[in-house]
Amino acid sequence: MDYFHYKGDEAYCEEVPLRSIYESYGSPTYVYSLATLKRHCERLFDAFSSYRTMLCFAVKANSSIAYLKEVFSSGYGADVVSVGELERSLKAGIDPKKIVFSGVGKRAEEMTRAMKLGIYSFNVESAFELDLLAEISSSLNCSVNICLRVNPDIDAKTNPKITTGLDATKFGMRLAQIEPLLPIIRDHKQLNLVGVACHIGSQMIDMEPLKNAASFMVRMAGDLVQSGFPIKLINMGGGLGIKYRDEVPPSLDEYANVLLNAIRPTGLQLVIEPGRVVAGNTGVLLSSVIGVKSTESKNFIILDGSMTEFMRPAFYNSYHDIEPVKSDLSGNGTEIFDFVGPVCESSDVLGLDRSLHRPQAGDLFYIRGCGAYGASMASNYNSRVRPCEVMVDGSTIDVIKEREALEDLWRLERF
Ligand SMILES: Cc1ncc(COP(=O)(O)O)c(C=O)c1O
């Protein structure tokens with residue numbers, strides 16, 4: 001459920017016509033709906049309200065500070081994977097005690113900063129990381145909460161590029177790698193093993209793998225308790241999928257039940273790290289047509305948005321609905337078009353084989369489902385400036401990130 005809709009034949013975000021956003025701020029522009037974001041935050045909270053659950057928003061999904069402020073003020077903690085995400089979260093007002101730090105390769109200075117802040121826990125993903133944490137915590141004389149991130153070798157049945165719980169992926173540790181670490185943890189005064197963590201993949205629709213992962217984690221937690229580690233939490237990561245096209249994801253209650261049925265009997269705290277399910281449908285990318293061209297086999301609509309601003313279709317072959325801002329472009333007499341951007345890559349595709357009336361230069365479109373892994377993945381490839389981001393609240397528009405200026409492209413260069 002979101003608040004992007006048509007009034008007559010014009011597309012709106014809440015009470016604001018998308019066209020007026022284009023007229024004021026140009027394109028490509030990310031447009032977020034605050035009502036949608038608040039609704040998603042609340043609904044997910046409600047689904048877990050019957051049990052001690054800490055919800056830590058995966059900052060990588062959308063890391064704009066004003067956006068994070070809204071998420072954190074709904075009671076969410078943060079799951080960060082770099083010191084950059086950590087500092088952004090602090091700027092957005094998070095309490096460091098609500099931060100979990102994931103990631104396969106944390107650097108010493110990142111660990112040091114997080115440790116000094118007293119974050120909730122580090123998800124440790126390798127032996128070398130444990131060594132480094134042990135060394136830093138000793139030198140700072142600072143005790144640190146750690147969770148062991150496990151790789152349960154369970155196929156999340158999602159896109160291979162966002163599958164993270166298989167042995168062939170770089171994430172987490174197998175049980176055999178964890179066992180030799182336990183004596184090290186036991187002997188180290190500053191390391192508190194507080195839990196176990198996993199994240200088996202993203203955009204999961206089938207809940208069976210998550211159910212299996214939860215059983216795996218419960219068994220592992222039980223074994224650790226038996227071995228004398230008084231752990232207090234199980235972190236099940238993020239991963240719940242959303243509807244981009246014809247997927248039928250489970251309801252939030254179904255998702256919560258899969259996790260709670262497994263975790264509740266343990267009495268341990270549940271931590272989750274949702275990203276996409278909170279942010280995905282809160283945002284669209286507004287884009288205008290530069291021109292339309294055809295070859296013998298294809299028709300192309302060249303938008304001013306591209307893989308540089310929105311990478312998912314090029315990166316993951318992901319599908320996103322692309323809707324006209326003025327809806328009379330669909331109906332009889334349509335042709336088949338590929339929506340592409342101006343970037344010099346054949347993979348610069350935003351949507352393939354879409355049926356619509358031939359648009360003209362200047363017509364506006366909006367790409368749906370861009371609130372997660374959209375702006376946060378934008379780059380400057382082809383020396384393109386990163387786009388403007390606006391947050392709509394009823395009939396109010398707030399610019400939460402200005403479009404970069406050309407000068408920003410070489411601001412850090414020395415020549
Ligand atoms: C460790 C970890 N936690 C949480 C997430 C968020 O996943 P999602 O956006 O699918 O909820 C990710 C995404 O890759 C992740 O790597």
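Scoring rules and cut-offs
- Residues numbered from 1 in each chain as written.
- Predicted model: local features only at pLDDT ≥ 70, side-chain atom pairs only at ≥ 80, totals over all residues.
- Heavy atoms only, no water.
- Pairing = 2+ DSSP bridges.
- Helix = DSSP H or I, 4+ residues; strand = E, 2+ residues; numbered from the N terminus.
- Axes fitted to C-alpha atoms, helices over the stretch in contact; angles between N-to-C directions.
- Buried < 20%, exposed > 50% of the residue type's maximum accessible area, 1.4 Å probe, protein only.
- Arc of directions from axis to C-beta.
- Domains from an automatic or database assignment.
- Contact = heavy atoms within 4.5 Å.
- Buried area = accessible area lost by both parts, 1.4 Å probe.
- Salt bridge = Lys/Arg side-chain N within 4 Å of Asp/Glu carboxyl O.
- Polar contact = N/O pair within 3.5 Å; in protein donor to acceptor, adjacent residues only side chain to side chain.
- Nonpolar A, V, L, I, M, F, W, Y, C, P; charged D, E, K, R; others polar.
- Near = heavy atom within 4 Å.
- Areas by Shrake-Rupley, 256 points an atom, 1.4 Å probe, with all protein chains shown as cover.
- Phe/Tyr/Trp six-rings, centres within 6.5 Å; stacked < 30°, edge-to-face > 60°.
- Lys NZ or Arg CZ within 6 Å of the ring centre and 35° of its normal.

Participant: Residues and numbers for the sheet that holds strand β6 (residues 77–80), please.
Facilitator: With parallel pairing, the eight strands of this closed barrel are ordered in space as β5-β6-β7-β8-β9-β10-β11-β12. In this sheet, adjacent strand axes meet at a mean angle of 30 degrees when their direction is disregarded. Pairing of strand β5 (residues 53–58) with β6 involves three bridges; the strand directions are parallel. Following the sheet pairing, Phe57 is matched in β6 by Ala78.

Participant: Describe helix α3 (residues 65–73), and please don't skip the residues or the numbers.
Facilitator: Turning to α3, its buried residues are Tyr67, Leu68, Val71 and Phe72. Along the long axis of α3, the arc covered by the buried residues comes to 130 degrees, so they all point the same way. Directly beyond the C-terminal end of α3, a positive phi value near 100 degrees is found at Gly75.

Participant: How would you sum up the domain arrangement of the chain? Please name residues and give values.
Facilitator: Under the domain assignment, the chain is made up of domain 1 (4–32 + 280–410) and domain 2 (63–274). Each side of the interface is counted separately: domain 1 has 16 residues, and domain 2 has 12 residues. Carbon and sulfur atoms make up 57% of the area that domain 1 and domain 2 hide from each other, which totals about 1200 Å². Applying the counting criterion to the domain 1 and domain 2 interface returns zero salt bridges. Our enumeration of links across domain 1 and domain 2 arrives at four residue pairs in polar contact (both at pLDDT 80 or more). Elements that contribute at least two residues to the side of domain 1 that touches domain 2 include exactly α12 (312–316) and β19 (388–393). No other element matches the three residues that α12 contributes to the side of domain 1 that touches domain 2. Across the side of domain 1 that touches domain 2, the residue classes tally to six nonpolar, seven polar and three charged.

Participant: Which residues make up the site of the ligand, and what values do they have?
Facilitator: For the ligand, the set of nearby residues contains 14 residues, the closest of which are Ser202, Gly239, Glu273, Arg276 and Tyr373. Separating an oxygen atom of the ligand from a side-chain N or O atom of Lys60 is a distance of 3.5 Å. Take Gly275: an N or O atom from its main chain is 2.9 Å from an oxygen atom of the ligand. Compared with its free state, where it exposes 400 Å², the ligand has 91% of that area covered by protein. The residue inventory of the shell around the ligand, partitioned by class, reads three nonpolar, six polar and five charged.

Participant: Give me the lowdown on the packing of aromatic side chains, citing residues and values where you can.
Facilitator: Taken as a whole, this structure holds nine aromatic pairs when the rule is applied. Their ring planes at 65 degrees and their centres at 5.1 Å tell us that Tyr32 and Tyr67 sit as a pair that is edge-to-face. In this pair, Tyr32 sits in strand β4 (residues 29–33) while Tyr67 sits in helix α3, placing the two residues 35 residues apart along the sequence. A residue is classified by how much of its surface remains accessible, and Tyr32, at 0% relative accessible area, is buried. Note on Tyr67: relative accessible area 0%, which makes it buried. Relative to Tyr316, the ring of Phe315 has its centre 4.9 Å away and its plane inclined at 35 degrees; by these criteria the two rings are tilted. Residue class for Phe315 comes out partly exposed when judged on its relative accessible area of 37%. With a relative accessible area of 13%, Tyr316 lands in the buried category. Arg245 extends its terminal NZ or CZ atom over the ring of Tyr319, reaching a point 4.0 Å from the ring centre.

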